[in-house]
Amino acid sequence: MVDMGMTDKQFNGFVRFLLDALKEAKEEKEDDKKDEKISKIIDNLQKTLED
């Protein structure tokens, strides 16, 4: 299997997506919803690492 890297543009897009998700979680007022959003971000990052 060939390991293909990301282009700078793809990486920047990924960082923008992650930053947006983190800002949204930070703005959440309810702790339960905030925790849920952060857990989702963590799960998505873990899945990305496993791919």
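Please read all numbers here as calculations on a predicted model, not as lab measurements. (Residues numbered from 1 in each chain as written. Predicted model: local features only at pLDDT ≥ 70, side-chain atom pairs only at ≥ 80, totals over all residues. Heavy atoms only, no water.)

Student: Describe the overall build of the protein, naming the residues involved and giving the relevant values.
Tutor: The helix and strand tally for the protein stands at two helices and zero strands. Seen through its C-alpha atoms, the protein measures out along the principal axes to roughly 45 × 20 × 5 Å. Looking at the 51 residues of the protein, the share that counts as buried comes to 6%. When the accessible surface of the protein is summed, it comes to about 5,100 Å², and 55% of that surface belongs to carbon and sulfur atoms. For the protein, the separation between the mean place of its 10 positive charges and that of its 14 negative charges on side chains is 7 Å. (Helix = DSSP H or I, 4+ residues; strand = E, 2+ residues; numbered from the N terminus. Buried < 20%, exposed > 50% of the residue type's maximum accessible area, 1.4 Å probe, protein only. Areas by Shrake-Rupley, 256 points an atom, 1.4 Å probe, with all protein chains shown as cover. Lys, Arg positive; Asp, Glu negative; His and termini not counted. Charge placed at Lys NZ, Arg CZ, Asp CG, Glu CD.)

Student: So what's going on with a nonpolar patch on the surface? Residues and values would help.
Tutor: Together, Met6, Phe11 and Val15 make up an exposed nonpolar region whose accessible area comes to about 280 Å². Here Val15 lies in helix H1 (residues 8–27). Judged by its relative accessible area of 37%, Val15 is partly exposed. (Patch = residues over 30% accessible without salt bridge, like charges linked within 9 Å, V, L, I, M, F, W, Y side chains within 5 Å. Salt bridge = Lys/Arg side-chain N within 4 Å of Asp/Glu carboxyl O.)

Student: Can you break down the side chain of Glu28 residue by residue, with the values?
Tutor: Tracing the sequence through the fold places Glu28 in the loop between H1 and helix H2 (31–50). Separated by 3.1 Å, the side chains of Glu28 and Lys37 make a polar contact. Those residues within four positions of Glu28 in sequence are excluded, and the remaining contacts are Lys33, Lys34 and Lys37. (Polar contact = N/O pair within 3.5 Å; in protein donor to acceptor, adjacent residues only side chain to side chain. Contact = heavy atoms within 4.5 Å.)

Student: Now, about the pattern of salt bridges: what can you tell me, with residues and values included?
Tutor: Under the counting rule described, the total for this entry stands at two salt bridges. Measuring nitrogen to oxygen at the nearest pair gives 3.3 Å for the salt bridge that ties Lys37 to Glu24. Placement of Lys37 in helix H2 and of Glu24 in helix H1 is noted, with a sequence separation of 13 residues between them. Ionic contacts of the salt-bridge type, sharing partners, join the residues Glu24, Glu28 and Lys37 into one network.

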